[in-house]
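Structural features, examined
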Amino acid sequence: MIRLLLLSLLGALSVHAELAGKRPNIIFLLTDDQGYGDMSCHGNPVLKTPNMDRLNAEGVHFEDFCVSPTCAPTRSALLTGRHEFKNGITHTILERERLTPQATTLAQVLKTAGYTTGIFGKWHLGDEPDYWPSARGFDESFTHGAGGIGQSYPGSCGDAPGNKYFDPAILHNGTFEKTKGYCTDVFFAQAKKWIESVKGKQPFYCHIATNAPHGPYIARPEDKALFDGKVEGDDAASFFGMLHNIDENLGLLLAKLKEWGIENDTLVIFMNDNGGTAGVKTYNAGLRAAKGSPWMGGIKASSLWRWPGTLKSAPVTKLTAHIDFFPTLAELAGARLTDDVKAQVEGRSLVPLLENPNAEWADRQLFTHVGRWPKDADPQKYQFTNCSVRMSRWHLVNANAARGGPAKNNAKGKKAKAAPKAPAGTASKDANAIVRAGPEPMPASWQLFDLQADPGEQTDLAVANPDIVKQLATAYDQWWDSVQPLLVNEKAPLAAENPFKTLYQKQFGGK
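So, here's what we can say about the structure. Bear in mind that the values here come from a model prediction, so they are computed numbers and not experimental data.

About the thresholds
- Residues numbered from 1 in each chain as written.
- Predicted model: local features only at pLDDT ≥ 70, side-chain atom pairs only at ≥ 80, totals over all residues.
- Heavy atoms only, no water.
- Helix = DSSP H or I, 4+ residues; strand = E, 2+ residues; numbered from the N terminus.
- Buried < 20%, exposed > 50% of the residue type's maximum accessible area, 1.4 Å probe, protein only.
- Contact = heavy atoms within 4.5 Å.
- Pairing = 2+ DSSP bridges.
- Salt bridge = Lys/Arg side-chain N within 4 Å of Asp/Glu carboxyl O.
- Core = buried A, V, L, I, M, F, W, Y, C linked by side-chain atoms within 4.5 Å.

The next point concerns the side chain of Thr 385. Tracing the backbone shows Thr 385 in the loop between strand E14 (366–369) and strand E15 (387–390). Residue Thr 385 is classed as buried on the basis of its relative accessible area, which comes to 3%. If near-sequence neighbours (up to four positions away) are discounted, Thr 385 is found in contact with His 369, Pro 439, Glu 440, Pro 441 and Met 442.

With respect to topology, three strands assemble into an open sheet ordered E10-E3-E13, the strand pairing being mixed. What marks the edges here is a single partner per strand, and that holds for strand E10 (300–301) and strand E13 (320–321). Of the pairings in the sheet, the one linking strand E3 (residues 65–66) to E10 comprises two bridges and is antiparallel in character. Within the sheet, the bridge partner assigned to Phe 65 lies in E10 and is Ala 301.

For the rest of this paragraph, the subject is the pattern of salt bridges. Within this structure, the stated rule accounts for 23 salt bridges. Two residues, Asp 32 and Arg 75, come together in a salt bridge whose shortest N-O distance is 3.7 Å. Of this pair, Asp 32 sits in the loop between strand E1 (25–31) and helix H2 (50–58) while Arg 75 sits in helix H3 (residues 71–80), and the two are 43 residues apart along the sequence. Each member of the pair, Asp 32 as well as Arg 75, is classed as buried.

Relative to the helices and strands, Lys 318 is located in the loop between strand E12 (314–316) and E13. Counting along the chain gives 44 residues from Lys 318 to Ala 362, while the straight-line C-alpha distance between them is 8.9 Å. Sequence-distant contacts of Lys 318, defined by excluding residues within four places in its chain, comprise Asp 64, Leu 353, Pro 357, Asn 358, Ala 359 and Trp 361.

Moving on, we come to the nonpolar core. Counting 48 residues, the largest nonpolar core has Phe 62, Tyr 205, Ile 269, Met 271, Trp 305, Phe 325 and Leu 329 as the members making the most contacts within it. Considering each element in turn, this core owes the most residues, six residues, to helix H9 (residues 325–333). With sequence-adjacent residues up to four places away left out, Phe 62 is seen in contact with Ala 301, Ser 303, Trp 305, Val 316, Thr 320, Leu 350, Leu 353 and Leu 354. Among the nonpolar cores identified, the runner-up in size contains 45 residues, and Cys 183, Val 186, Trp 194 and Ala 278 belong to it.

See below:
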């Protein structure tokens, strides 16, 4: 009897044992501008996301996971294991969205471990050929340009001319293809086609990064209709419709994995890239502010990890972040990092927490800066504009960090105030407006919040805790000084024309 009990216990433990080097297939789904509250398992009273909820229920879900306040910064941190400023990324446009060629990417590391790699959807780390995914370790590349379909800005950041959410032209391994259908459906279909072509031959890393639900808020009519009259305004209805479509595509992908017989060999990871946008007026999970701010509403994200037969359903409450993604997948893949790559990565592997959600996890400091100062401005003047420092309990935030007050909603679904607007100039297509616009320099004026007692960041405790303020402010000053030599894009001249436009017109004769 004792022997049987021991064997049973060992069998249960083996589910979590030896994750390192287990070499699963990996599918990573990253949505664009979906907030933490834009998911029914996080309490949204209107939006239903059964397949995202399924990942949450069937896998490990990180409940205190931080990302960057905007999209290109988060993407670079995920793929390099270090803060975006150390990758040269301080904006989403003006050549300041380009991932430095000196960085080694996760895709490059996974290839050394025998993986084949593919990306489908949004890249947003450089539209010039030397910065394309194909130059950064991806074997298969199927992407739009800029930060969103149809966007175009001064310099190199721009999509194919006239691109729309329906029937977009997509750059496929260096050549444009004119697709048919809604953009999210197109990206998932292409990803599934690629997976089917490589499965069983070698482990794969499939990076699906939707441009939805980023604005402009254009959903399929049948998806938007589900929310008409249930939320405030067409933008919110379209936004939720776009998320409904993503959730349906996720469900179809999960069904395919089971049909192909690779479900138990495949780790599926879901995240959103920054705080919410159109949905926060309806529900913001009690968080303060939204995308483009260093408050928790700008940097808290979902992080769901499902691997049937290997990971058991469990919440993780430890402070984790996007910079942990790279070392985690490298360890799972059994990749051996060179000394240079080890020096690059500042995140921690999440493998101990995937094996045991209650594993010891030392406290840490995470730094946020929204960036986005004007083109050719002196970054030193903006050291204290829109910035924060996180620890597991404390959040130190610049007093002028966001326009707009604290969210007034909670898990019961009460409405929040409108989200603060993004910094001026970020959506304009006028070159001079974009170059000149930006946040005004701010002095160091800190607020301090106890997130354990006050997750909505309502009560400033800075005066009552001067030692904590001093400790975190000093750490922030040291961090700021450390990133200055790596801001390599600040003086980059703007390209005469978007590379995607040049290539598109060369291929199609300007049609």
